[in-house]
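# Tertiary structure, described
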Amino acid sequence: MDNQYMKEVQDAIVHTYNPFPVVLDHGKGAYLYDEEGNAYLDFAAGYAVCSLGYGNEEWNQALKAQIDKLCHTSNLYFHTRTKEAAQALKKLSGMDRIFFTNSGGEAVEGALKAARKYAYTKGTGRYEFIAMEESFHGRSFGAVSVTGHEAYRKPFEPLLSGVRFAKYNDLNSVKELVNEKTCAIILEPLQGEGGINLATEAFMKGIRKLCDDEGILMICDEVQCGMGRTGSMFAWQEFGVRPDILTMAKAIGNGFPVGAFAMTEKVAEFSLAPGDHGTTYGGNPLACAAVAKTAEIFEREDIPAHVRKVGTYLAEKLDELVDTYSCVVKRKGKGLMQGIEMTVPISEITGKALKKGLLVIGAGSNVLRFVPPLIITEKEVDRMITILKEILE
Ligand SMILES: *Cc1c(COP(=O)(O)O)cnc(C)c1O
């Protein structure tokens, strides 16, 4: 652990994070390494981003080749990677039209604007958003306005007006907030930052029906839970409930900063038109090369099938922890987006894990989160569990 290096970095940046005392240098598969060559088994994946793990030769080559050809054009000009990236996301997400962004927060921002523009074109006068308690949608003003944590919003008020919060998995609490001004309902099918809370099928279906009955748009934020993580390409597909607008990011670029929002044809017809929204970098050739190659590997290797298999194994192992240790209260989540609720401080566990060569992160106030690269093996799950047991004993 390079304390001098850490100190010099801290002197040069804004302190918005409490970083772990480690300086990472390179990675291979599901392992990261510091400069001295110490290995860290990675169950964080850079916040559920590095879906294919580290050092995937095919992916690396695709990006290197694209750097040599063309890095940027702006959206005034299509480039030779636009089509394959957009078509790939369209196919995998089950949506009709894609807008590329540079991050998850920007995807949410765009989704909210798309919903407002739809209402504007239709002349419905609808502008309010219903969001969920414990949700997380990003840090920009629109995204933070629909984020269900007081601490994230308070210092930046006044925020977007017309946002109200319902209880996750409580359909009646949503219904109580609906009125003739409700424009859209935004939710994560599996809440990440809020503590790995999985929506019930009844809740998702209930929201869909409510939206259909009342003329409200349903926005699913799958920035974290999308792209294979729950065992299907996108989580909504498991509920049989198609959103009107979908956001994605994190895993779709395997570490290249890229996000997207997508909409159905029905929304697109009345939503964003030329001049309404834009991004200078979004969907540039490098980003599209990253998305296209990631998507190609996902399909060819059937990553969701692998996630279902290893996710089931992980669930069994975590259930054993629940049965064995009184400080492990319950298991949460699905696929390779799971967590355990604990009665001991999560930062204590994550700190001890780091010293033993395991990267894990918290979610919410009392959940230890497991969001490894999606290529993780059962053997690596065993290794992680062994380290956790050493800490808990
Ligand atoms: C991470 C996350 C975001 C924000 O993504 P950024 O790329 O950090 O802006 C939005 N929504 C959800 C569900 C997330 O997990």
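Residues numbered from 1 in each chain as written. Predicted model: local features only at pLDDT ≥ 70, side-chain atom pairs only at ≥ 80, totals over all residues. Heavy atoms only, no water.

Looking at an unreviewed UniProt entry, one finds the protein named Acetylornithine aminotransferase, with Sellimonas caecigallum as its source organism. As stated in UniProt under Subunit (unreviewed entry), the record for the protein gives "Homodimer." Among the UniProt annotations of the protein, the heading Subcellular location (unreviewed entry) holds the following wording: "Cytoplasm". (UniProt positions renumbered as here; feature names shortened; annotations may be inferred.)

### A short note on the overall build of the protein
For the protein, the helix and strand inventory stands at 15 helices and 17 strands. In terms of overall dimensions, the protein is globule-like: its C-alpha atoms have a radius of gyration of 21 Å, near the 21 Å expected for 393 residues. For the C-alpha atoms alone, the extent of the protein along its principal axes is close to 60 × 55 × 45 Å. Counting every position in the protein, which comprises 393 residues, the buried fraction comes to 54%. Intrachain contacts of the protein at a sequence separation of at least 6 include 71% that bridge at least 24 residues. The distance from the centre of the 44 positive side-chain charges to the centre of the 51 negative ones in the protein is 4 Å. (Helix = DSSP H or I, 4+ residues; strand = E, 2+ residues; numbered from the N terminus. Rg over C-alpha atoms; globule rule 2.2 N^0.38 Å. Buried < 20%, exposed > 50% of the residue type's maximum accessible area, 1.4 Å probe, protein only. Contact = heavy atoms within 4.5 Å. Lys, Arg positive; Asp, Glu negative; His and termini not counted. Charge placed at Lys NZ, Arg CZ, Asp CG, Glu CD.)

### Notes on the site of the ligand
Neighbouring the ligand are Ser-103, Gly-104, Gly-105, Phe-136, His-137, Gly-138, Glu-188, Asp-221, Val-223, Gln-224 and Lys-250. Here an oxygen atom of the ligand and a backbone polar atom of Gly-105 are 2.6 Å apart. Between Phe-136 and the ligand, the recorded distance is 3.4 Å, taken from a backbone N or O atom to a nitrogen atom. Burial of the ligand by the protein amounts to 79% of the accessible area it has alone, namely 380 Å². (Near = heavy atom within 4 Å. Polar contact = N/O pair within 3.5 Å; in protein donor to acceptor, adjacent residues only side chain to side chain. Areas by Shrake-Rupley, 256 points an atom, 1.4 Å probe, with all protein chains shown as cover.)

### Notes on the UniProt feature "modified residue: N6-(pyridoxal phosphate)lysine" (unreviewed entry) in the protein
UniProt's feature table lists "modified residue: N6-(pyridoxal phosphate)lysine" (unreviewed entry) at Lys-250, given in the numbering used throughout. Of note, Lys-250 is situated in the loop between strand E11 (245-248) and strand E12 (259-263). With residues near it in sequence (within four places) discarded, Lys-250 still touches Tyr-47, Ala-48, Val-49, Val-223, Gln-224 and Val-258.

### Notes on the UniProt feature "binding site: pyridoxal 5'-phosphate" (unreviewed entry) in the protein
The UniProt record marks Phe-136, Asp-221, Glu-222, Val-223, Gln-224 and Thr-280 with the feature "binding site: pyridoxal 5'-phosphate" (unreviewed entry), using the residue numbering of this structure. With a sequence span of 145 residues, these residues are also far apart in the fold, their greatest C-alpha distance being 25.3 Å. The class for Gln-224 is buried, based on a relative accessible area of 7%. Those residues in contact with Gln-224 that lie beyond four places of it in its chain are Ala-48, Gly-192, Glu-193, Arg-229, Lys-250, Met-337, Arg-369 and Val-371. A polar atom in the side chain of Gln-224 sits 3.1 Å from the side chain of Glu-193. On the secondary structure map, Thr-280 appears in the loop between helix H11 (265-268) and helix H12 (285-300). For Thr-280, a relative accessible area of 55% translates into the label exposed. Setting aside anything within four residues of it in sequence, one finds Thr-280 in contact with His-72, Ser-74 and Asn-75.

### Section: the state of the cysteines
Inspection of every chain in the model, using the stated rule, returns zero disulfides. Not engaged in a disulfide, the cysteine Cys-225 finds its nearest cysteine sulfur in Cys-220; these two sulfurs lie 7.8 Å apart. (Disulfide = S-S within 2.5 Å.)

### Structural notes on the sheet that holds strand E5 (residues 128-132)
Strand order in the open sheet made by the seven strands is E4-E12-E11-E10-E7-E5-E6, with mixed pairing throughout. Because the sheet does not close on itself, it has two edges, and the strands there are strand E4 (97-101) and strand E6 (163-166). The average angle at which neighbouring strand axes cross in this sheet is 20 degrees, direction not considered. Two strands pair when backbone bridges link them, and E5 and E6 are joined in this way by four bridges, in the parallel orientation. The residue of E6 that forms the bridge with Met-132 is Ala-166. (Pairing = 2+ DSSP bridges. Axes fitted to C-alpha atoms, helices over the stretch in contact; angles between N-to-C directions.)

### What to know about the packing of aromatic side chains
A complete count under the given rule lists five aromatic pairs for this structure. Taken together, a centroid distance of 5.6 Å and an interplanar angle of 80 degrees make the contact between Phe-136 and Tyr-152 edge-to-face. Note that Phe-136 is positioned in the loop between E5 and helix H6 (141-145) and Tyr-152 in helix H7 (residues 150-153), a separation of 16 residues in sequence. For Tyr-152, a relative accessible area of 25% corresponds to the partly exposed category. Centre to centre, the rings of Tyr-168 and Phe-203 are 5.7 Å apart; their planes meet at 65 degrees, and the pair counts as edge-to-face. Separated by 35 residues along the polypeptide, Tyr-168 in the loop between E6 and helix H8 (171-175) and Phe-203 in helix H9 (residues 201-214) bring together distant segments of the chain. One residue, Lys-122, lies across the ring of Phe-270, its end atom 4.5 Å from the ring centre. (Phe/Tyr/Trp six-rings, centres within 6.5 Å; stacked < 30°, edge-to-face > 60°. Lys NZ or Arg CZ within 6 Å of the ring centre and 35° of its normal.)

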